[in-house]
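Structure at a glance
Chain by chain, the residues:
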Amino acid sequence: MSSIGTGYDLSVTTFSPDGRVFQIEYAAKAVDNSGTAIGIKCKDGVVLGVEKLITSKMMLPGSNRRIHSAHRHSGMAVAGLAADGRQIVARTKSEATNYESTYGEAIPVKELADRVASYVHLCTLYWWLRPFGCGVILGGYDRDGPQLYMVEPSGISYRYFGAAIGKGKQAAKTEIEKLKLSEMTCREGVMEVAKIIYKVHDEAKDKAFELEMSWVCDESKRQHEKVPEELLEEAKAAARLALEEMDAD
Amino acid sequence: MDLNLNDEHSMGTTIIGVTYDGGVVLGADSRTSTGMYVANRASDKITQLTDNVYVCRSGSAADSQIVSDYVRYFLHQHTIQLGQPATVKVAANLVRLMAYNNKNMLQTGLIVGGWDKYEGGKIYGIPLGGTIVEQPFAIGGSGSSYLYGFFDQAWKEGMTKDEAEQLVVKAVSLAIARDGASGGVVRTVIINADGVTRNFHPGDSLQLWHEELEPQNSLLDILNTASPEPMNF
């Protein structure tokens, strides 16, 4: 539902006659232009995966991380303007540490998501600030179990079973909906996330990409960490195989 | 011996918090003294912080009240923000932050106890300097000096609710017998998954310990009832 908001789109403090704030919608477009990021909530944890588009052959593999740990028990995958994302991650880490200093226990994931969302929303309220050009998928595991939240540039935040943002989000969402997440373990989830990312990657339009994945689950002792090397390679191999089989059909 | 009635109110006190299988029992005496004078002989030293967390107060009455008030206020906001009851750990931490950050001005020892759905019954001791210590049982106040040996012998893991309450009442009663700054009645508060129960144990219902005398009834009582030995004026 895109339209040109000529005249009403110059400032984030201006509403259009049909009640839209165009600057926020344009910010969401910045997210749509970035590599896909997805998250799924399995029965024993959360898996995050990112299609990290490689812009230069000289880039070191493993650099330009798109997934960050917010706290011991949670992590966030960022899509959109990288510098904006860095700011959000810094703020999230700070909120998490402050909460623990004050209340003596790890911040509940729901509370953390609320704080991220409030911060992102804050930047849509003043004319001298521009909205963040990035969306965040926040996954964590606390006393209330594994949880997955997504925060959009507008400051909206919802809790999800599966979420996708970026270029291939529509295709990714379709694939995620096919999964039986309530019965899936994170080990299986890792394989599925890799398959989906490989599937939605557009070989024609984009060049090479690097798959970045993290999880927080019972197996990782409820700590947010990169998916272990061997499992990651296994997932990549399985994903490539699945792609070839699909192409062969 | 001068009775300065304008002295700061202090709660000499005996306070106790004990965990049992399923919750906690908090207990305290009821004497508030101003120097040698008993300003309040029926005070309530067990104060509510939230529906599921209470605190036993000792030391300066004013200091412990103000700390409780601030923490109750912060916890209320926290509960609204979180959308569910605060945990005992969070309550205890807020108390600790107040006690530690204002240690130069405060003189109060506190025992925070309660029940939450994640950890069950928990007791946290927060003595003078603002340390926080999670313990299966905690004792505090001037009367607690006389109870260390008693608890070493009488405490055991996994008591029932009644055993725990009896232990607390017995302990406070023993401390009252020996500590001049503790006295009055024994109040207990039991907190568990089912809620909160307040109990009151009047002074004369407590058993007598070594060399304690039978309480002397008021002469007015004797006057109004038939007695074998009427008073001769």
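Fair warning: this is a prediction, and the values are worked out from it, not measured in the lab.

Thoughts on the overall build of chain B
Of regular secondary structure, chain B possesses five helices and 13 strands. Against the globule reference of 17 Å for 233 residues, chain B gives a C-alpha radius of gyration of 19 Å, in line with a compact fold. By its C-alpha atoms, chain B is 70 × 40 × 35 Å across when sized along the principal axes. Counting all 233 residues of chain B, 46% fall into the buried class. Taking the contacts inside chain B whose residues are at least 6 apart along the sequence as the reference set, 63% of them involve residues at least 24 apart. Across chain B, the 16 positively charged side chains and the 25 negatively charged ones have centroids separated by 6 Å.

Here we look at the side chain of A:D44
Residues and elements named next belong to chain A. Tracing the chain through its elements places D44 in the loop between β1 (37-42) and β2 (45-53). Within the structure, D44 has its side chain in polar contact with the backbone nitrogen of C186 (distance 2.9 Å). The contact partners of D44, leaving out residues within four places of it in the chain, are Y141, P146, M184, T185, C186, V216, C217 and D218.

With respect to the sheet that holds β1(A)
Residue and element names in this part refer to chain A. The antiparallel open sheet is built from five strands, whose spatial order is β8-β1-β2-β9-β10. What marks the edges here is a single partner per strand, and that holds for β8 (162-165) and β10 (225-226). Pairing analysis gives six bridges linking β1 to β2, with the strands arranged antiparallel. Bridge pairing in β2 links K41 to V46.

Here we look at the interface of chain A and chain B
Contacts between chain A and chain B engage 11 residues on the former and 11 residues on the latter. The largest per-residue losses of area from chain A upon contact with chain B belong to A:Y103, A:E111 and A:R143, which jointly make up 46% of the total buried on that side. At the junction of chain A with chain B, the criterion picks out zero salt bridges. Here chain A and chain B share three residue pairs in polar contact (both at pLDDT 80 or more) between them. The set of elements that each furnish at least two residues to the side of chain A that touches chain B consists of α2 (82-103) and α3 (109-122) of chain A. The element best represented in the side of chain A that touches chain B is α2(A), accounting for four residues. The class makeup of the residues in the side of chain A that touches chain B is three nonpolar, three polar and five charged.

Comments concerning the pattern of salt bridges
Pairing is possible between side chains that carry opposite charge, provided their charged atoms lie close to one another. Residues and elements named next belong to chain A. Counted under the stated rule, the structure contains 24 salt bridges over all chains. For E100, the salt bridge identified is with R72, shortest N-O distance 3.2 Å. Here the residue E100 occupies a position in helix α2, and R72 occupies one in the loop between β3 (67-71) and β4 (74-80), the gap between them amounting to 28 residues. Two residues, E175 and K199, come together in a salt bridge whose shortest N-O distance is 3.0 Å. Pair noted here: E175 is in helix α4 (residues 169-178) and K199 is in helix α5 (residues 186-200), with a separation of 24 residues, a long-range link. By sharing partners, the salt bridges in this structure join K52, R65, E210 and E212 into a single network.

Topic: the packing of aromatic side chains
Inspection of every chain in the model, using the stated rule, returns 11 aromatic pairs over all chains. Note on A:Y126 and A:W128: the rings are 5.1 Å apart at their centroids and 20° apart in plane angle, and the pair reads as stacked. Taking the relative accessible area as the measure of exposure, A:Y126 reaches 34% and is therefore partly exposed. The interplanar angle of 70° and the centroid separation of 5.0 Å between the aromatic rings of A:Y198 and A:F209 together place this pair among those described as edge-to-face. Taken together, the residues span a long stretch of sequence, with A:Y198 in helix α5 and A:F209 in strand β9 (residues 209-217) at a distance of 11 residues. Summarising the burial analysis for this pair, A:Y198 and A:F209 share the class buried. Between A:R143 and the ring centre of B:Y118, over which it is positioned, the NZ or CZ distance is 3.8 Å.

Some words on the UniProt feature "active site" (unreviewed entry) in chain B
Residue and element names in this part refer to chain B. UniProt records the feature "active site" (unreviewed entry) for T13 in the present numbering. Within the secondary structure layout, T13 lies in the loop between β1 (10-11) and β2 (15-20). Among all residues touching T13, those that are not within four sequence positions of it are D29, K45, R57, S58, G140, G141, S142, G143, D179, A181 and S182.

Overview of the nonpolar core
The nonpolar side chains of soluble globular proteins are, as a tendency, buried together. Membership of the largest hydrophobic core comes to 44 residues, with the highest contact counts inside it found for A:I88, B:V71, B:L75, B:V95 and B:V112. Broken down by element, this core gets its largest block of residues, eight residues, from helix α2 (residues 88-101) of chain B. Each residue touching A:I88, except ones within four places of it in the same chain, is listed here: A:M76, A:V116, A:V120, A:F132, A:C134 and A:V136. Of all hydrophobic cores here, the second largest spans 29 residues; its members include A:L179, A:M213, A:W215 and A:L232.

Thresholds applied
- Residues numbered from 1 in each chain as written.
- Chains lettered and ligands numbered in written order.
- Predicted model: local features only at pLDDT ≥ 70, side-chain atom pairs only at ≥ 80, totals over all residues.
- Heavy atoms only, no water.
- Helix = DSSP H or I, 4+ residues; strand = E, 2+ residues; numbered from the N terminus.
- Rg over C-alpha atoms; globule rule 2.2 N^0.38 Å.
- Buried < 20%, exposed > 50% of the residue type's maximum accessible area, 1.4 Å probe, protein only.
- Contact = heavy atoms within 4.5 Å.
- Lys, Arg positive; Asp, Glu negative; His and termini not counted.
- Charge placed at Lys NZ, Arg CZ, Asp CG, Glu CD.
- Polar contact = N/O pair within 3.5 Å; in protein donor to acceptor, adjacent residues only side chain to side chain.
- Pairing = 2+ DSSP bridges.
- Buried area = accessible area lost by both parts, 1.4 Å probe.
- Salt bridge = Lys/Arg side-chain N within 4 Å of Asp/Glu carboxyl O.
- Nonpolar A, V, L, I, M, F, W, Y, C, P; charged D, E, K, R; others polar.
- Phe/Tyr/Trp six-rings, centres within 6.5 Å; stacked < 30°, edge-to-face > 60°.
- Lys NZ or Arg CZ within 6 Å of the ring centre and 35° of its normal.
- UniProt positions renumbered as here; feature names shortened; annotations may be inferred.
- Core = buried A, V, L, I, M, F, W, Y, C linked by side-chain atoms within 4.5 Å.

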